[in-house]
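The primary structure of each chain is shown beneath.
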Amino acid sequence: MPASVIDRQRRSLVVLIAVTVAALVFAVLLVMVRLQWPPLESIDRGAASGINGLVAGDAPLVAAVKAVTWLGSSGVLWAVIGAAAIILALRKQWRLAAYLLITGAGALVLDPILKSLVGRLRPVVAHPIAHGTGNSFPSGHSLGSIVCYGAVLLVFLPAARGRWRTAFITVIVALVALIGISRILLGVHYLSDVVGAWAIGIAWLGVTAVAFELTRHAAGLPVTDPVTEGLEPEARADLRPAQPEPAEGKAHTRDRGRVAAGIGVAWVLILGIVVGLGELVTKAGNGNVLGDRTIPHWFAAHRTPGGDSWSLAFSTLGATQAILVVALATCVVFLAITRRWLPVVFIATVMSGELAAFLVAATVVKRPRPDVVHLDHALPTSSYPSGHVAATCCLYVAVAILVIGCARGWWRWLFLIPAVVMPVGVAISRMYRGEHHPTDILGSLLFAALWLTAVTVLIKPRAPGAPRAGRRAGQPGSGEPAELRPAPRALS
């Protein structure tokens, strides 16, 4: 028997043993927790009190721990699984996409079932920092994180080589460990809750990996070692986030430096214009420039239940969380289809520049909100400019620029509809809800127009090969094959 086959069998046996040991560890912990074994209860309670006391009263450390634990929340985990599945589906890796969704769904189902079977109450600590819902064993955050991030590791491992593979594995392992530790630091889980979650998570990953290997065997593909080779080594070319860039010379590096410098200068100049407009309106205006006083009062006097509902919908779509979700989804889709980083860089530059400019302008101008009843409460920033409108305009217009510049066909012009409707709807909703003056909206639109123009001109998001007049799809430089059709797979 060849040495390679023997070595592969040996590694498969090691994986099988590890999965079996993890399942046994979970089974033993399950029995001890269910029977409330005194030694384990004593260790758990002592660890919960002692570890919780390490962070109690330290506000910055508590904030950092809560940020880490947020990365293990179901919303974040499903966003990660969903984004990865979209990339795989767009690149025709249907089995891997199905594996991610099934594996993640398994963790979602296992957690409530096991919690209800055990029925363990949450820890009671002297300095509670957070409050968990439901029962305690096993830790849902720990189980979800080891399953979801572990599945992502097994799927995309073939794309990592050398030091990148080491970094990839290290980041995933550290992230899973920190999420589990954060649950104990916050005082919402016992030590055995976290260890048990890790154990059953490893066992579930092993079961799903074996099931995936069976599908490979049925398809006539060779057996692999998922821990060292990943689930689908043959898909390495499709799993890479982008095509390898050609070797960069000094001239190319200088060009990038000029672009970065130009973006920085443009941002400062545009910010100065927007801040100057805000100072002019608030200090030199008569208080009713462009209806700053009359329009918010008119909206406040004509509010209706239906208007409250639609304004809340548009306002929510323009809020930070919704904007972040759409921006990330856009980056994922364009990266998966075009296999280029340029669209991601374009979106990231536009949105980060908008956020920074909004925070600086709001801090400098410090304009009070309209003197009407506000439908939103405890807003953290001042009135000028409108962050909702600026972010919405920048994002949806940037998406339209990318699609129109990279696609070919009449459908690409449909993206102008959300680029117009979304900013208008958000702008009206913010004035309707009493949060902004008309000149706040004007300042945001002015910033968005100038900033989008500057970034588009400097970055040139329409990469080489995008459509031009007179070129048919399929011809060199037509763009559709190069940009909006996934790159052909490399022969394995």
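Preceding block: the structure.
Small disclaimer: the values here were computed from a predicted structure and weren't measured. Within each chain, residues carry numbers counting from 1 in the order of the written sequence. Per-residue local features are limited, in this predicted model, to residues with pLDDT of at least 70; the limit for side-chain atom pairs, both in listing and counting, is 80 or more; totals at the level of whole chains, interfaces and linings are taken over all residues. Each side-chain value is worked out from all heavy atoms of the structure, with water and hydrogens disregarded.

Engineer: Before we go on, may I ask you to explain the overall build of the protein in this structure?
Structural biologist: Helix numbering and strand numbering both begin at the N terminus, where a helix is a DSSP run of H or I of at least 4 residues and a strand a DSSP run of E of at least 2. Of the regular secondary structure elements, the protein holds 19 helices and zero strands. Here's how the labels work: a residue is buried when its accessible area is under 20% of the maximum for its type, exposed when over 50%, partly exposed in between, all with a 1.4 Å probe on protein chains only. In the protein, which comprises 492 residues, the share counted as buried stands at 44%. The long-range fraction of contacts in the protein, counting pairs at least 24 apart against all pairs at least 6 apart in sequence, stands at 77%. Of the roughly 24300 Å² of accessible surface on the protein, 72% is carried by carbon and sulfur atoms. Any two residues whose heavy atoms approach within 4.5 Å at even a single point are treated as in contact. What sets the accessible areas is the Shrake-Rupley method with a 1.4 Å probe; for residues, cover comes only from the shown protein chains.

Engineer: Before we go on, may I ask you to explain the nonpolar core in this structure?
Structural biologist: Generally speaking, a soluble globular protein has its nonpolar side chains buried in company with each other. Membership of the largest hydrophobic core comes to 46 residues, with the highest contact counts inside it found for F346, I347, V350, M351 and W451. Contributing elements (two or more residues each) for this core: α11 (250–284), α14 (320–338), α15 (342–365), α16 (387–406), α17 (416–432) and α18 (438–459). Top contributing element to this core by residue count: α16, with 10 residues. W451 has contacts with I263, W267, I270, T349, V350, G353, E354 and C394, leaving out every residue within four places of it along the chain. What is meant by a nonpolar core is a set of buried Ala, Val, Leu, Ile, Met, Phe, Trp, Tyr and Cys residues, joined one to another through side-chain atoms within 4.5 Å. Counting residues in hydrophobic clusters, the runner-up holds 44 residues, among them V76, L143, V176 and F212.

Engineer: Can you walk me through the packing of aromatic side chains in this structure?
Structural biologist: To describe a pair of aromatic rings, one takes the distance between the centres and the angle between the planes. A pair of Phe, Tyr and Trp rings is counted when the ring centres sit within 6.5 Å of each other, with Trp represented by its six-membered ring. The angle between the planes then sorts it: under 30 degrees is stacked, over 60 is edge-to-face, the rest tilted. Here the structure, examined in full by the defined rule, presents eight aromatic pairs. The interplanar angle of 75° and the centroid separation of 5.4 Å between the aromatic rings of W298 and F299 together place this pair among those described as edge-to-face. F299 gets classed as buried once you look at its relative accessible area, which sits at 14%. Their ring planes at 20° and their centres at 6.1 Å tell us that F447 and W451 sit as a pair that is stacked. Of this pair, F447 and W451 both sit in helix α18, four residues apart, which is roughly one turn of that helix. Accessibility expressed as a relative area gives 4% for F447, which makes it buried. Given a relative accessible area of 1%, W451 falls into the buried group.

Engineer: Please explain the pattern of salt bridges as it appears in this structure.
Structural biologist: Side-chain pairing between opposite charges can occur once the charged atoms of the two side chains come close. Just to be clear on terms, a salt bridge is a Lys or Arg side-chain nitrogen sitting within 4 Å of an Asp or Glu carboxyl oxygen. Per the counting criterion, the structure on display carries nine salt bridges. Taking the shortest distance from any N to any O, the salt bridge between D111 and K115 comes out at 3.5 Å. Taken as a pair, D111 and K115 lie in helix α5 (residues 94–118) at a separation of four residues, close to a single helical turn. The residue D292 makes a salt bridge to R367 at a minimum N-O spacing of 2.7 Å. Here R367 lies in the loop between α15 and α16 and D292 lies in the loop between α11 and α12 (294–301), a separation of 75 residues in the sequence. Classification of D292 as buried rests on a relative accessible area of 2%. Residues joined by salt bridges that share partners form a network here, namely E41, D44, R45, R120 and D193.

Engineer: Please explain the environment of A327 as it appears in this structure.
Structural biologist: Counting through the fold element by element, A327 comes out in helix α14. The spacing of A327 and A348 is 21 residues in sequence and 8.2 Å in space, taken between C-alpha atoms. Once residues lying within four places of it in the same chain are set aside, the contact partners of A327 are I347 and L395.

Engineer: How should helix α13 (residues 305–317) be read in this particular structure?
Structural biologist: For α13, spanning 13 residues, the distance from its first C-alpha to its last is 19 Å, which sits close to the expected 18 Å at 1.5 Å a residue. Residues G307, S311 and S315 constitute the buried set of α13. Projected onto a plane normal to the axis of α13, the buried residues spread over an arc of 60° and lie on a single side. If you follow the buried residues of α13, they end up packed against α16 and α17. One fewer than the residue count of a helix, multiplied by 1.5 Å, yields its expected span. In this description, the arc belongs to the directions extending from the helix axis to the C-beta atoms.

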